[in-house]
Structure formats: structure tokens, C-alpha cells
Amino acid sequence: MKDYMMWRDGERKRILSTPIFSVDKIERTSPEGKKGDFIVMENPDWVSVIPLMWKEGEGYVFIMVDQYRHGLGRVTREFPAGLVDEGEDEESAARRELLEETGMTGDLVKIASFNPNPAFMTNRQTFFLSTNLKKVSGQKLDEFEEIEVSYVPVSQVIEEMGSGIYDNGIMMAALGAFLRYRTLHPEIMEEKE
């Protein structure tokens, strides 16, 4: 770590608090003595689950969810995802989100974790790959969630991600994490008899 580049914190003031994030103004001083006010968004950590399964007659598919997104004002197709609740670890949150949104459980392996926008956000985004999936229940959605489950060929998602219904930057990052993991672990998509 480059300690010589670290800025010192001064006064911190909460300027907005919402149910899903807070915004703080922080005075910071550079190593050279320059002072300025900076905006920092305090978010809970996020998880995304990439459910991968073999579907007879179709090959490998992702289990994805279609839902209306209020920021965009239309429906997007995404991997199951959500916030890490206070006191919850990332893996437990991933298992919970997968079950709530799809009614499925499966094996999980953590494949990536990063800050979605270090310019002003404080949280982490963690991606899990889920395999050996089993349908164990119906969906358990939040009050305002309306989610439709889709089984989409992996090749189609790779081809279309970042366009049309696949209009979510975090999902593009999730797909990138999956592709990197698949390169390092090609056995996850072995041909089935």
C-alpha cells in the first residue's frame, strides 16, 4: 500500500440518510497539505450469485431474474443479488438471496470481491458461483419485489450482456468474474453425456 499517498480525515458530517445508503461530507487533507471536502456514500455490502446448471437439450444455462428497476425505469435481466444485512456474512447473504429470488439452493464458491466505485462508495460487491442447484421452495420476495426467473444459455448471456435487457453494469462485472473463473477452472463447464 502506498502510505505516502494517504489523505488524513478531518471533520465528517452526515448530509443524507436513506433506507439503503447514507451520504457523508468529509474534510480531507492531502500529504502536501491541500484541504478539500469530499462526498462519500456509505452503502451496505452487496452480493451477486451466478447460478450455473446443465439443462438437458440446452447445455449450460444461467438462472437469471427479470425485474423492474426504478432507477432505469424498465425491466432488466440479472443474476440473483441483494444487500448483505447487518450482522450477516457474505456467503449467508448469497444463499439467502438465491433462495428468496429463485427458490433454489446450491454449492457456492466465492469468485471475486471488489469496490464497485472507489471514487465515492465505501462498500464491497462479492460474486459467488453456484452449482449443483436444487429447487427447494417457491420464491420468498420482499413486499415490492416482482421477479420472474429465466433459464438463459450461457452463450446468449455472453453475447448480449451490456445491451438490451442486460442493462446493468454490476452484471457485466459479474459476467467478467465468471469468465475469469471459468478460464482458471474449465472443469466447471465439462461436457455432459
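This report concerns the structure included in the present document. Please read these numbers as outputs of a predicted model, since none were measured by experiment.

So, the sheet that holds strand 1 (residues 8-17)
And step 1. Spatially, the three strands line up as an open sheet ordered 1-2-3, and their pairing is antiparallel. Lying at the two open borders of the sheet, with one neighbouring strand each, are strand 1 and strand 3 (35-42). Looking at each pair of strands side by side, their axes are set apart by 25° on average, direction ignored.
And step 2. Across eight bridges, strand 2 (residues 22-29) lies against strand 3 in antiparallel orientation. By the bridge assignment, Ser22 is partnered in strand 3 with Glu42.

Quick look at the pattern of salt bridges
And step 1. With the rule as written, the count across this model stands at 14 salt bridges.
And step 2. The shortest N-O distance in the salt bridge between Arg12 and Asp24 comes to 2.7 Å. With Arg12 in strand 1 and Asp24 in strand 2, this pair connects stretches of sequence that are 12 residues apart.
And step 3. A salt bridge links Glu100 to Arg96; the nearest nitrogen and oxygen atoms lie 3.6 Å apart.

Observations regarding the nonpolar core
Buried together is how nonpolar side chains tend to be arranged in soluble globular proteins.
And step 1. Leu52, Phe62 and Phe178 are the most contacted members of the largest nonpolar core, which has 23 residues in total.
And step 2. When contributions to this core are tallied by element, the ones reaching two or more residues are strand 4 (46-55), strand 5 (59-69), strand 8 (104-114), strand 9 (125-135), helix 2 (154-160) and helix 3 (169-184).
And step 3. Apart from residues lying up to four places away in sequence, Phe62 is in contact with Ile50, Pro51, Leu52, Phe79, Ser150, Tyr151, Val152, Val154, Val157, Leu175 and Phe178.

A few points about helix 1 (residues 90-102)
And step 1. The terminal C-alpha atoms of helix 1, which comprises 13 residues, lie 18 Å apart, in line with the 18 Å expected from a rise of 1.5 Å per residue.
And step 2. Among the residues of helix 1, Ala93, Ala94, Arg96, Glu97, Leu98, Glu100, Glu101 and Thr102 are the ones counted as buried.
And step 3. Residues of helix 1 that are buried in the fold lie against strand 4, strand 5, strand 7 (81-83), strand 8, strand 9 and strand 10 (147-153).
And step 4. Where helix 1 starts, the residue carrying a side-chain oxygen 3.1 Å from the main-chain nitrogen of Glu91 turns out to be Asp89.
And step 5. After helix 1 finishes, the residue Gly103 shows a positive phi value of roughly 75°.

Cut-off values and rules
- Residues numbered from 1 in each chain as written.
- Predicted model: local features only at pLDDT ≥ 70, side-chain atom pairs only at ≥ 80, totals over all residues.
- Heavy atoms only, no water.
- Pairing = 2+ DSSP bridges.
- Helix = DSSP H or I, 4+ residues; strand = E, 2+ residues; numbered from the N terminus.
- Axes fitted to C-alpha atoms, helices over the stretch in contact; angles between N-to-C directions.
- Salt bridge = Lys/Arg side-chain N within 4 Å of Asp/Glu carboxyl O.
- Core = buried A, V, L, I, M, F, W, Y, C linked by side-chain atoms within 4.5 Å.
- Buried < 20%, exposed > 50% of the residue type's maximum accessible area, 1.4 Å probe, protein only.
- Contact = heavy atoms within 4.5 Å.
- Expected span 1.5 Å × (residues − 1).
- Polar contact = N/O pair within 3.5 Å; in protein donor to acceptor, adjacent residues only side chain to side chain.

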